[in-house]
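Analysis of the macromolecular model
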Amino acid sequence: MNRKERIAVGIVGTGGMGTRHADNLHHLVGGAYVSSVFDVDQSHAAHASSLCDSAEIFTDPVALINSPKVDAVVIASPDDTHANLTLACIKAGKPVLCEKPLATTVDDARDVIAAETAFEKKMVSVGFMRRFDPQHTAVKAAVTSGELGLPLLWKGVHRNASVPFGTTGATILTNSAGHDFDSARFLLEAEVQEVYVRGLKTRPELHSDTTDLLVFELAMSDNRMAVGEVYVNATYGYEVSAEVICQKGTAVTLQPDRAMVRANAHRGFYVSSDWLAPFEEAYVIEDRAWIESLLKDTKFSGANAWDGYVTMVVTAACIQSLHTGKIVPVQLGEKAELYQ
Ligand code: ISE
């Protein structure tokens, strides 16, 4: 891509997440505008287009990717379409911000790594937005300051109000827990070596394949470890937190509470059910960082294809552990020069 003053972005998938990126990129990110949108549900695409000065509506995602009016692409379509669409972007020579997960199988993630390595330039960014969340980056700054001593343990909580009926443990590990695996790697600056996962169905009326409360343990490099709870039917609302326990102190994310509410003989804070709400700022910062990296042709500070691949390998090991009840080793294979 030649150096441009403004990047024309095409959005593939304009559900909640894609529309959020479209709105951010078109209105809140200098140096970018949304030129094109696609969604299988054309009414969603029309809505996103109306937010972005009538961006062109496509009926085929690959036609959008190949359009001369598109410089860079955001992929926010269903998870199992991510890898193929990312490959189409690499083939077209277009930088892509792919929502997590990069792929839903290790083989597909490996194909992306292989294609990008053959292209000999980093084209793929992955939307692990916690890396841009002010609470998470404040924890990272405290840990890397050295004041707390060596980091030892990451402890995470990830609760969703509810998920669609019948969501399996494997889907929860792929779609939700990937954020936690990436957060642990990011905050501890260590690699996952072994995983162990347990899970249960929290209500008898749920589908028999459902494992909606999961607990994982990760053994990590450099004598570090991680433990996390992922509970996707928590009912009361959406919450995420991460704490890093170090030799001499700990740092934990604070919830961005905006007001204390007094009502009904009670004093407290609202908890949103919407998972986009607590990370509103993180998504804007992420989109800005991505566009800046494209305008200046510099390294994106967020997750790359290698991080997306590693998360998928860890996820696959976790699915195996959940199903077998055993500790599963994580084997990443060789890291190509491009990602060193
Ligand atoms: C969703 O796709 C997200 O990315 C949210 O951050 C996560 O909490 C939720 O579980 C996922 O379904």
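For clarity, every value in this text was computed on a predicted model and none was experimentally measured. (Residues numbered from 1 in each chain as written. Predicted model: local features only at pLDDT ≥ 70, side-chain atom pairs only at ≥ 80, totals over all residues. Heavy atoms only, no water.)

Things to note about the sheet that holds strand β15 (residues 303-304)
For the record, the criterion: DSSP calls a pair of strands paired once it identifies at least 2 bridges connecting them. Only DSSP runs of H or I reaching four residues or more are called helices, and only runs of E reaching two or more are called strands; each is numbered from the N terminus.
One open sheet accounts for 7 strands, arranged β3-β2-β1-β4-β5-β6-β15; its pairing is mixed. Two strands in the sheet have a free side with no partner beyond their single neighbour: β3 (56-58) and β15. One ladder, built from 3 bridges, connects strand β2 (residues 32-38) with β3; its direction is parallel. What sits directly across from V37, in β3, is I57.

So, the sheet that holds strand β16 (residues 328-329)
Sheet strands line up and pair through hydrogen bonds in the backbone, either parallel or antiparallel. An order of β12-β11-β7-β10-β9-β8-β16 is seen for the 7 strands of this open sheet, with the pairing classed as mixed. The outermost strands of the open sheet, each flanked by one partner alone, are β12 (250-252) and β16. Note that strand β8 (residues 192-200) and β16 share 2 bridges and pair antiparallel. Residue pairing across strands places E194 opposite P329, the latter belonging to β16.

Focus on the domain arrangement of the protein chain
Inclusion rule: Note: domain ranges come from an automatic or database domain assignment. It only takes one pair of heavy atoms within 4.5 Å for two residues to be counted as in contact. A 1.4 Å probe defines the accessible area here, and the buried area is the portion of it lost by two parts on being joined, summed over both. The term salt bridge refers to a side-chain nitrogen of Lys or Arg lying within 4 Å of a carboxyl oxygen of Asp or Glu. Here a polar contact means two N or O atoms within 3.5 Å. Within protein one must be a hydrogen donor candidate and the other an acceptor candidate, and residues neighboring in sequence count only if both atoms are side-chain atoms. Ten residues, namely Ala, Val, Leu, Ile, Met, Phe, Trp, Tyr, Cys and Pro, are considered nonpolar, four, namely Asp, Glu, Lys and Arg, are considered charged, and the remaining ones, Gly among them, are considered polar.
Entries for the protein chain in the domain assignment read domain 1 (7-130 + 281-302) and domain 2 (133-278 + 313-329). Taking the mean C-alpha position of each, domain 1 and domain 2 sit 26 Å from one another. Counting residues at the interface gives 17 residues for domain 1, matched by 16 residues for domain 2. Carbon and sulfur atoms make up 59% of the surface buried where domain 1 meets domain 2, a total of about 1,500 Å² over both sides. Here domain 1 and domain 2 share 1 salt bridge between them. A salt bridge links R130 to D180; the nearest nitrogen and oxygen atoms lie 2.9 Å apart. Counting every contact that joins domain 1 to domain 2 gives 6 residue pairs in polar contact (both at pLDDT 80 or more). For the side of domain 1 that touches domain 2, the secondary-structure elements that each account for two or more residues are α1 (16-28) and α8 (280-296). The dominant element in the side of domain 1 that touches domain 2, judged by the number of residues it contributes, is α8, at 4 residues. Residue composition of the side of domain 1 that touches domain 2, by class: 9 nonpolar, 3 polar and 5 charged.

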